[in-house]
Amino acid sequence: MALVTGESLKAELGTFDIPYQDDSVLDKMVAQCICNRIQAVEMVHEWVAYSTTKNGVLLTTDTLDHFDHEVPALLIPLIEAEEEEENLLDAYSTPAKGSQKRALTTPEHPHSKRSAALLSSPGLLLSPARFSPSTTPSQKYSQRGGKGEVAVSFGVVQGTRWASRKNLGAGVQLQLLEGPEDSLGCSYKYMFQRLRDVRNVLTEKIEELGDDLRNHFNIEEFAPVSLPAQDSITVLGQVCCDSNGKLNAHSVLLEAGPEQGGQLVPVDLSELKEYSLFPGQVSRRKLLLVGVPLPFYSSEVRMEMDEEPVNILVACGPYAPSDSLTFDPLLDLINVIVKDHPDVCLLLGPFVDSKHEQIEKAQVTETFEDIFSRCIKSIVDGTKSVGCHLVFVPSQRDIHHHFIYPQPPFTLPSLSKDQAQRVTLVPDPCTLLIDGVTLGLTSTDILFHMSAEEISCGTGSDRFSRILKHMLTQRSYYPLYPPVEEVNMDYEKFQSFAQMPLTPDVLVIPSELRYFVKDVVGCVCVNPGRLTKGQVGGTYGRLLIQRRAGAEDGSRVSPCLAAQVVKI
């Protein structure tokens, strides 16, 4: 297939004397040609046929959006009718002597070359005609404004080149920091944990963080909470509530570990000018000192002077608006990837959202696994020309996957060997090492959960920074205890796979709450938002990272050069 360029499309449009809005139209048409695997001449022919039925509509980016949605849906029945006609003619024809038996036609091995090319394109794979009786696109999504606008910026953004490395031969080194043998690599049995095992995990957490608190603040020892004392003492424990209700300033208890008596004592906050507490927090009584973060990653590999930054795209589901299973946002994201050429794409679930209206009402005609497979195939095939590395992170809201935390990675047995080379399947949560830079990832909305439980006084209005600091100092991707009802926690796996092995250079933490990019205790924390918010478009993020040497005074220099949150 010849390379489709803006110039080739411009020449074909000139043949039919078709005016267009501006060069952004050509960019979008190039992306559509790549995604749908068609040549420039075929694209223009399809547009001529389409615009004729629309009374000669002007060629703009908006009309291309409608064209991209309507044309694939119209092609599916035509292609299937063509296949049926071919099969019917073959049934009544007599094969010539010596001819080979005609290969069996199946959806996986279509007979027609035209159908083989078109039916495997992302636009057709994700057409709602395939798995939903409703093919109506989301009107609110198609009429959204602010496409491509930068919502939040961080770092040195001016003049930043948001594209892949100039040296395409320089591959990106990507791996799980813990290593395959120490990470959650497959599904596991759950729903049989004992309360005693849960208690042991929580006790070990208190003791481990207590040792670090004692060393950091030069505390000789923690006193038992059950013994009365006239002098000032320091006790260690976990914050909890005195009832099943929400934590408040009058219901705070400190639950000590076994070494400190294992009892519950009330905490008087009336004399404290400032505090920030949440259930499950390990702290020391009276001053309520929080923990200290772990050190950052230090590489023994010497940095090359000519190393180029790594461009990373980050997106979190849902990938379809709540009122339609058209997956137009996902197709738009694929177009962004084709246009921007990132080195790595971090794609977090949900891919098949359990909270989607049509899924809740059982208005789909395919299995959830088949819908998920189409999503993944469209992403892998649609970004093949870019060659970027794809990282898939599951979500608690993925209806086809294990509903447990921590969550094992997806399984994709249908991937070919070539496809699997640029796809990495990781658990939720996980810590990645990309070219010497560490990234913490979680698709579970811990920000939203902790925002509903945290209480504070005199600490300012930036709740996000407080919660993020709690996560980093508690050294956990989910420090809240007890967890919210929708999170099914397996504490044995939680102890092994949901703790931070170090303080990540970048923490990716998508949430229903407003998007942001913040520097918290040296860690760049990014909430890219969700690709869709109900019926309208949402946001995605992009990062520019580079392993960097320390400053002359020995201080650490953040490897995150720049970050943005962009409207889809």
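Residues numbered from 1 in each chain as written. Predicted model: local features only at pLDDT ≥ 70, side-chain atom pairs only at ≥ 80, totals over all residues. Heavy atoms only, no water.

Colleague: When you look at the layout of surface pockets in this model, what are you seeing that I'm missing?
Modeller: Take a probe with the size of a water molecule and roll it over the atoms, and the empty space left behind shows itself. By volume, the second largest pocket amounts to about 570 Å³. Lining of the second largest pocket is provided by 21 residues; of these, Lys-28, Lys-147, Gly-148, Val-336 and Lys-339 occupy positions nearest its centre. Of all the elements in the fold, those that place two or more residues in the lining of the second largest pocket are α2 (23-36), α4 (61-92), α9 (328-340), β20 (539-545) and β21 (560-567). Ranked by the residues each element gives to the lining of the second largest pocket, the list is headed by α9, at five residues. Of the residues in the lining of the second largest pocket, the class split is six nonpolar, four polar and eleven charged. (1 Å grid on protein atoms, 1.4 Å probe; cavity = no way out; pocket = protein on both sides within 12 Å on 5 of 7 lines; lining within 4 Å. Points joined across faces, edges and corners; volume = space filled by probe spheres on them. Helix = DSSP H or I, 4+ residues; strand = E, 2+ residues; numbered from the N terminus. Nonpolar A, V, L, I, M, F, W, Y, C, P; charged D, E, K, R; others polar.)

Colleague: Even after reading the chapter, I still don't get the nonpolar core, so can you show me in this structure?
Modeller: In a soluble, globular protein the nonpolar side chains are often hidden away together inside. One finds Leu-313, Tyr-319, Leu-333, Leu-347, Phe-351, Phe-392 and Tyr-540 to be the most contacted residues of the largest nonpolar core, which totals 38 residues. Among the elements that make up this core, the one with the highest residue count is α9 (seven residues). Among all residues touching Leu-333, those that are not within four sequence positions of it are Leu-313, Ala-315, Tyr-319, Leu-347, Leu-531, Tyr-540 and Ile-568. Listed in part, the 31 residues of the second largest apolar core include Phe-154, Val-314, Cys-316 and Val-426. (Core = buried A, V, L, I, M, F, W, Y, C linked by side-chain atoms within 4.5 Å. Buried < 20%, exposed > 50% of the residue type's maximum accessible area, 1.4 Å probe, protein only. Contact = heavy atoms within 4.5 Å.)

Colleague: Looking at this structure, I do not really get unusual backbone geometry. What am I missing?
Modeller: One can expect most non-glycine residues to show negative phi and most peptide bonds to be in trans. Here the bond from Gly-349 into Pro-350 is cis, since omega is 10°, no more than 30 degrees from zero. Tracing the backbone shows Pro-350 in the loop between β9 (344-348) and α10 (357-360). Cis rather than trans, the peptide bond between Asp-428 and Pro-429 has omega equal to 0°. Here Pro-429 is to be found in the loop between β11 (423-425) and β12 (430-434). Located in the positive-phi region is Asn-55, a residue other than glycine, with phi close to 60°.

Colleague: What is the right way to look at the packing of aromatic side chains in this model?
Modeller: The geometry of an aromatic ring pair is captured by the separation of the ring centres together with the interplanar angle, meaning the angle of the planes. Applying the stated criterion across every chain yields a total of 13 aromatic pairs. With 5.5 Å between their ring centres and 40° between their planes, Trp-47 and Tyr-50 make a pair best called tilted. A residue pair is termed a helical-turn pair when its members lie 3 or 4 positions apart in one helix, as Trp-47 and Tyr-50 do in helix α3 (residues 40-53) at three residues. Of the residues examined, Trp-47 reaches a relative accessible area of 1% and is grouped as buried. Each member of the aromatic cluster is reached from another via a ring pair, and the members are Tyr-319, Phe-351, Phe-372, Phe-392 and Phe-410. (Phe/Tyr/Trp six-rings, centres within 6.5 Å; stacked < 30°, edge-to-face > 60°.)

Colleague: It is not clear to me how the environment of Gly-440 should be interpreted in this structure. Could you clarify?
Modeller: Along the chain, Gly-440 turns up in strand β13 (residues 437-441). For the pair Gly-440 and Leu-502, spaced 62 residues apart in the sequence, the C-alpha separation amounts to 9.4 Å. When residues no more than four places from it in sequence are discounted, the contact partners of Gly-440 are Cys-430, Thr-431, Tyr-477, Pro-504, Val-506, Leu-507 and Val-508.

Colleague: Would you mind showing me how to read the pattern of salt bridges here?
Modeller: A side chain with one charge may pair with a side chain of the opposite charge, provided their charged atoms come close. In the structure shown here, the tally under the stated rule is 18 salt bridges. Residues Asp-197 and Arg-194 are paired through a salt bridge, measuring 3.1 Å at the closest nitrogen-oxygen approach. Overall, Asp-197 belongs to the partly exposed group, its relative accessible area being 28%. A relative accessible area of 46% means that Arg-194 is categorised as partly exposed. (Salt bridge = Lys/Arg side-chain N within 4 Å of Asp/Glu carboxyl O.)

Colleague: I would appreciate a short explanation of α2 in the present structure.
Modeller: Because each turn of an α-helix spans 3.6 residues, side chains separated by three or four positions in sequence point in the same direction. When the terminal C-alpha atoms of α2 are compared, their 20 Å separation across 14 residues agrees well with the 20 Å that a helix rising 1.5 Å per residue should span. The buried fraction of α2 is high, at ten of 14 residues. Directly after α2, the chain includes Arg-37, whose backbone phi takes a positive value near 55°. (Expected span 1.5 Å × (residues − 1).)

Colleague: Quick question: what am I supposed to make of the sheet that holds β12 here?
Modeller: Strand pairs in the sheet, formed through backbone hydrogen bonds, run parallel or antiparallel to each other. An order of β2-β12-β13-β15-β17-β16 is seen for the six strands of this open sheet, with the pairing classed as mixed. Lying at the two open borders of the sheet, with one neighbouring strand each, are β2 (174-176) and β16 (516-520). Mean inter-strand twist for the sheet, computed between neighbouring axes without regard to direction, equals 25°. Judged from the three bridges that link them, β2 and β12 form a sheet pairing that is antiparallel. Looking at the pairing, Leu-174 lines up with Ile-434 of β12. Sheet strands in contact with helix α14 (residues 463-474) are β15 (506-508), β16 and β17 (523-527), and its direction is about 55° off that of β16. (Pairing = 2+ DSSP bridges. Axes fitted to C-alpha atoms, helices over the stretch in contact; angles between N-to-C directions.)

Colleague: Could you clarify how one ought to interpret the environment of Thr-63 in this entry?
Modeller: You can see Thr-63 is positioned in helix α4. Residue Thr-63 is classed as buried on the basis of its relative accessible area, which comes to 15%. In this structure the C-alpha to C-alpha distance between Thr-63 and Ser-51, which are twelve residues apart in sequence, comes to 9.3 Å. Thr-63 has contacts with Trp-47, Tyr-50, Val-57 and Leu-58, leaving out every residue within four places of it along the chain.

Colleague: Is there a simple way to think about the packing of helix α1 (residues 6-15) against α2 in this case?
Modeller: Two quantities define a packed helix pair, namely the angle between the axes and the distance from one axis to the other. Between α1 and α2, the least distance of the axes is 9 Å, while the angle of their chain directions is 105°. By the criterion of interaxial angle, the relationship of α1 to α2 is roughly perpendicular. Counted together, Gly-6, Leu-9, Lys-10 and Leu-13 of α1 and Leu-26, Met-29, Val-30 and Cys-33 of α2 form the full contact between these two elements. For the contact of α1 with α2, the per-class residue count stands at six nonpolar, one polar and one charged. (Parallel < 35°, antiparallel > 145°, perpendicular 65-115°, else oblique.)

Colleague: Sorry, what's going on with the pairing of strand β4 (residues 252-256) here?
Modeller: Within β4, five of the five residues are buried, which leaves the element mostly enclosed by the surrounding structure. Residues Val-252, Leu-254 and Ala-256 line one face of β4 and the alternating positions Leu-253 and Glu-255 line the opposite face, and both faces are buried. Two elements, strand β3 (residues 236-241) and β4, share five bridges in a ladder whose sense is antiparallel. Its bridge partner being in β4, Gly-237 is matched across the sheet by Ala-256. Where β4 lies against strand β5 (residues 264-266), three bridges are found, and the strand directions are antiparallel.

Colleague: Got a minute to help me understand the sheet that holds strand β8 (residues 310-316) in this structure?
Modeller: Pairing is mixed in the open sheet, where seven strands are placed in the order β1-β21-β20-β8-β9-β10-β11. Every interior strand has two partners, whereas the edge strands, β1 (150-155) and β11, have only one. Between one strand axis and the next, the sheet turns by 15° as a mean value, whatever way the strands run. Across five bridges, β8 lies against β9 in parallel orientation. Looking across to β9, one finds that Cys-316 is bridged to Leu-348. In the packing of α9 onto the sheet, the strands contacted are β8, β9 and β20, and the crossing angle to β8 comes to about 175°.

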